[in-house]
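Per-entry structural report
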Amino acid sequence: MTARPLPETPAALVLRRAVRTWLAEFAPTGVVAVALSGGADSLALTAAAVNAADAVDALIVDHGLQSGSDRVAAAAAEVALGLGCRSARVLRVRVGGTGGLEAAARRARYDALAAARDGLPVLLGHTLDDQAETVLLGLARGSGARSIQGMAPFADPWGRPLLGVRRADTRRLCADLGLRPHEDPHNSAPEFTRVRLRAQVLPLLEEVLGGGVAPALARTAEQLRADNAVLDELAERLLVAATDGVTLSIETLATAPTALRRRAIRAWLVAGGAKGLTDKHLRAVDALVTHWHGQGGVAVGGAKPGTRLVAAREHGRLTLATRDQ
């Protein structure tokens, strides 16, 4: 398909530059998939991608959560082909109820995209505004720098070229192209935390702090990702020094700075099968090293039904083993 040219407007220049920069760094082959919802962000991303990439396949997820969602998905596929996508596929999914509607829909969406991408990176329409919301959500969790470093530009296979682009620019580009984005009712439903952040919290912060809040939060996330990359590398060296391949040396861990020690412990737990680790878990396991007074092991998530995955201190080493409940 021939790509529909972008107009020479400010919004088009912003989107084109963002996508070209991302492609040059993360997708040298120039062939990508785009997750297209029909909303302004993903429509603008698709329009920019077909003008910058060698080939673009559009993947449209139909969650089936609203009446007429099949028509919305079909319309998005038609627009994708009109913009110049090589192909457009509708992926119909069934959304479960575990963990709430938002989380269940997200899992179903990402699973479908992962299965359909055919080895290609998948571009997502997350903008600077989405990044700011993500940082605020991370702050509320209080799980340290990792939780407020936001979304990465590329976490294989997920690509986010628009993390430096404002949501207003994606809407302007759609208007410049004469496209009418689909307005998902869920994006204005107050029962969703992210919607309340977008509609209430961020506008209030902008008013109280005099503007510039979203870009400041996005810059914070970018700086923290760079810092975290260095700390993770140093923690990996500590982990290599402390491990015998299975357990960790208490003595080696105890002499390390707290930030590195906890990162090393976290990496060890994850490699051992732990899931859903919280700050409480990490602090409790860390206490086995630094505040040992004979306490028992710490159960961490990730075991099979009927068992527990337990980190414990034994003979001067940290161990991780499955125990019957």
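Heads up: the structure comes first, above all this text.
Reference entry: report on the structure contained in this document. It should be emphasised that the depicted structure is a prediction, and the values quoted were computed from it without experimental measurement.

Criteria and cut-off values
- Residues numbered from 1 in each chain as written.
- Predicted model: local features only at pLDDT ≥ 70, side-chain atom pairs only at ≥ 80, totals over all residues.
- Heavy atoms only, no water.
- Pairing = 2+ DSSP bridges.
- Helix = DSSP H or I, 4+ residues; strand = E, 2+ residues; numbered from the N terminus.
- 1 Å grid on protein atoms, 1.4 Å probe; cavity = no way out; pocket = protein on both sides within 12 Å on 5 of 7 lines; lining within 4 Å.
- Points joined across faces, edges and corners; volume = space filled by probe spheres on them.
- Nonpolar A, V, L, I, M, F, W, Y, C, P; charged D, E, K, R; others polar.
- Phe/Tyr/Trp six-rings, centres within 6.5 Å; stacked < 30°, edge-to-face > 60°.
- Buried < 20%, exposed > 50% of the residue type's maximum accessible area, 1.4 Å probe, protein only.
- Salt bridge = Lys/Arg side-chain N within 4 Å of Asp/Glu carboxyl O.

This brings us to the sheet that holds strand 3 (residues 87-92). Across the sheet, six strands lie side by side as 3-2-1-4-6-5; this open sheet has mixed pairing. The sheet terminates laterally at strand 3 and strand 5 (154-155), the two strands that pair on one side only. As judged from the five bridges shared by strand 1 (residues 31-35) and strand 2 (residues 55-62), these two strands associate in the parallel manner. Bridge pairing links V31 to A55 in strand 2.

The subject of this paragraph is the layout of surface pockets. There is about 410 Å³ of room inside the second largest pocket. Ranked by residues supplied to the lining of the second largest pocket, first place goes to helix 1 (residues 10-26) with seven residues. In the lining of the second largest pocket, the residues fall into 11 nonpolar, three polar and six charged.

A few words now on the packing of aromatic side chains. Under the definition given, this model contains four aromatic pairs. Ring centres of W22 and F154 lie 5.7 Å apart, and the angle between their planes is 75 degrees; this geometry places the pair in the edge-to-face category. Remark: F154 occurs in strand 5 and W22 occurs in helix 1; sequence separation between them is 132 residues. What makes F154 partly exposed here is its relative accessible area of 26%. Relative to F154, the ring of F26 lies with its centre 5.5 Å away and its plane at 35 degrees, an arrangement referred to as tilted. Of this pair, F26 sits in helix 1 while F154 sits in strand 5, and the two are 128 residues apart along the sequence. Judged by its relative accessible area of 26%, F26 falls in the partly exposed class. The rings of W22, F26 and F154 are connected pair by pair, giving a single aromatic cluster.

Note that strand 7 (residues 248-249) and strand 10 (residues 317-324) share two bridges and pair antiparallel. Pairing of S249 across the sheet is with R317, part of strand 10. In the sheet, strand 9 (residues 307-314) pairs with strand 10 via eight bridges, with the strands oriented antiparallel. Its bridge partner being in strand 10, T307 is matched across the sheet by D324. Hairpin remark: strand 9 followed by strand 10, antiparallel, with two residues in the connecting loop; positive phi at H315, about 55 degrees.

A few words now on the pattern of salt bridges. A full pass over the atoms with the stated rule returns 19 salt bridges. Each member of the salt-bridge network shares a partner with another, and the members are D130, E133, R167, R194 and R198.

Read these as geometric descriptors, not functional statements.
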